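Residues per chain, in single letters:
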Amino acid sequence: MEIALSLVRQMRDSLRDLTPVVLVMAFFQLAVIRQPLPPTLDVIDMVIGLVGVVVGLALFIKGLALGLFPVGENLARAFVIKGSPVWLLLFAFALGFGSTVAEPALIAVAGRAASVAVEGGLIRHTDTAQLAFAFTLRMVVAVSVGSAVVVGVLRILKGWPLHLMIIIGYVIVLLLTLITPAAMVGIAYDSGGVTTSTITVPLVTALGVGLASAIKGRNPMLDGFGLIAFASVMPIIFVLLFGSIGLPLLSAVAL
Amino acid sequence: MNYLATFWRTLLDILPIVTIIFGFQYLVIRKPVKRLAQVLIGFLMVWVGLSLFLVGLEQALFPMGELMASQLTASQFLPELAEGTQRHWRDYYWVYLFAFTMGASTTLAEPSLVAVSIKAGEISGGTINPLMLRIAVALGMALGITLGTWRIVMGWPLHWFIFTAYLLVIVQTLRSPRSIVPLAFDSGGVTTSTITVPIIVALGLGLASAIPGRSPLMDGFGMIALACLFPIISVMGYAQIAQWLGTRYSLANKHKQR
């Protein structure tokens, strides 16, 4: 009963996210464009799709709050108490990696990137090549978020200054951009924003805040956050590397 | 059949995190999971929810973004083009206006931003106004994606914009009040919710394939990156202005007391 009630509340939140989108589009359709919708567009399918988005997102977020988040937080606390840095870092990597693989926005963008890469002639025009590209892209991003969380945990343990590390990250991005094929640059930059949405942020923040409050002299507000900042810079670096080094190697073998 | 395939694929998507969580729990920490039934129900909901969302994404969110992009760039919608001339970037003003309205409205309504801004107001002890902070984030986001659409129209390299934005972020990070920096970086992530990301991506790719001389691969991506960067700049900018006003106000008070 309680679950059902909070599910309804979550649906209201998802609906609130969607409402401005629908309102702005409706306004532009009725007041600015004023043309009949193209006949290829199935409006009923679209409405069903929107219902799927609202219900699906509510189920997803509520399900995370019931299952993954409490267990993940308990585990994070257990590893902090355990006090073994190796296990803590291993867990941090696995957490960042696993949660990114299940990130809905990343699944969506990787799929689009793959079909655009096929159309643009970046990879071969086969279904296997397209699927392989989308899968590899997601794996690269997932590994990068895992590494970002490891670096973030190390930073909290050692007390390294955050803004200095972010600036170094930016400089690496700038340098890598110069050697990466232009076709991969846009995808790389966008993958940084995609990782920090529904699932990775709460899990990783829980780890950071738990860690920062367990270590003396660390401020959970200031130090707990840094993990997210890394999680949005590291994917850019890794996907740029993938574009400049990984993709040429891969296309020689599979794509 | 399509639905079944999606359900099967999402099962594979959530398998890694499930394996990791239970693997560490039972093999390393070696303690039973508290409230196992509830946790399992939670994972089931994640699976069904993610599948439904991805189906809806293909059926609704992507087509919506693409539709707007193709309609707003259709030749019968744009102003008359004189014979033999190139289209001017100003002709696409409805595209910029649409991007701006979309960015601002979705950000202002974003539930997680409301929570973050109230918290920030409490922490700052009154120097940060929650509503002003939300407006700052929304303006940053709106400006980011409007600039993104303009870049696609112009066909300029994305990294010019990113480099400039990075430079601004770095300079501001060094000059802003320390306490606002984490918040500013956080607000960049808040603007790109799971619903807005697909629409923005579809809009960018749609624009890049509709505008003559642009290709989706070279020009279509980059709006998300700009949408994440500009709120960081606008939030730190707001903090600097608030701090400046604050010191001026207290200085004026001192003068009065004399």
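This one's a predicted model, so the numbers in the text were calculated from it and none came from an experiment.

Definitions and cut-offs
Starting from 1, residues in each chain are numbered consecutively following that chain's sequence as written. Both sets of labels track the order of writing: A upward for chains, 1 upward for ligands. The predicted origin of the model limits local features to residues at a pLDDT of at least 70 and limits the giving and counting of side-chain atom pairs to 80 or more, whereas totals for whole chains, interfaces and linings rest on all residues. Excluding hydrogens and water, the side-chain figures rest on all heavy atoms present in the structure. Whenever a carboxyl oxygen of Asp or Glu lies within 4 Å of a side-chain nitrogen of Lys or Arg, that contact is scored as a salt bridge. Under the scheme used here, helices are H or I runs from DSSP no shorter than 4 residues and strands are E runs no shorter than 2 residues, and both carry numbers assigned from the N terminus. Only protein chains enter the area calculation, which uses a 1.4 Å probe; residues under 20% of their type maximum are buried, those over 50% are exposed, and those in between are partly exposed. UniProt positions are given in the numbering used here, feature names are shortened, and annotations may be inferred rather than shown by experiment. Throughout, a residue-residue contact means that at least one pair of heavy atoms, one from each residue, lies within 4.5 Å. Once two parts are joined, some of their accessible surface, as seen by a 1.4 Å probe, is lost; buried area is that loss totalled over both. In protein, a polar contact means a hydrogen-donor-capable atom and an acceptor-capable atom, both N or O and within 3.5 Å, with residues adjacent in sequence counting only if both atoms are side-chain atoms; elsewhere, any N or O pair within 3.5 Å suffices.

(A) The arrangement of the pattern of salt bridges in detail. Applying the stated rule across the entire model yields three salt bridges over all chains. Between R112 of chain A and E58 of chain B there is a salt bridge; the shortest N-O distance is 3.5 Å. With one member in each of two chains, R112 of chain A in helix α4 (residues 104-119) and E58 of chain B in helix α2 (residues 36-72) form a pair that bridges those chains. Residue classification places R112 of chain A among the buried positions, given a relative accessible area of 17%.

(B) Broad picture of the UniProt feature "transmembrane region" (unreviewed entry) in chain B. What UniProt calls "transmembrane region" (unreviewed entry) maps, in this numbering, to residues 6-29, 36-57, 93-119, 131-152, 158-176, 188-211 and 223-246 of chain B. Annotated as residues 6-29 of chain B, this span is 100% helix and 0% strand, and its ends, taken at the C-alpha atoms, are 34 Å apart.

(C) Spotlight on the UniProt feature "transmembrane region" (unreviewed entry) in chain A. Residue and element names in this part refer to chain A. Mapped onto the present numbering, the UniProt feature "transmembrane region" (unreviewed entry) falls on residues 18-37, 43-65, 86-111, 131-157, 164-189, 195-215 and 227-250. Overall, residues 18-37 shows 80% helix and 0% strand. The separation of its end C-alpha atoms is 20 Å. Secondary structure across residues 227-250 comprises 100% helix and 0% strand; the distance between its end C-alpha atoms is 30 Å.

(D) Spotlight on the interface of chain B and chain A. Counting residues at the interface gives 85 residues for chain B and 92 residues for chain A. Summed over both sides, the interface between chain B and chain A buries roughly 7800 Å², with carbon and sulfur atoms accounting for 79% of that surface. At the junction of chain B and chain A, the tally comes to three salt bridges. Between E66 of chain B and R112 of chain A there is a salt bridge, and its shortest N-O distance comes to 2.5 Å. For the pair chain B and chain A, the number of links is seven residue pairs in polar contact (both at pLDDT 80 or more).

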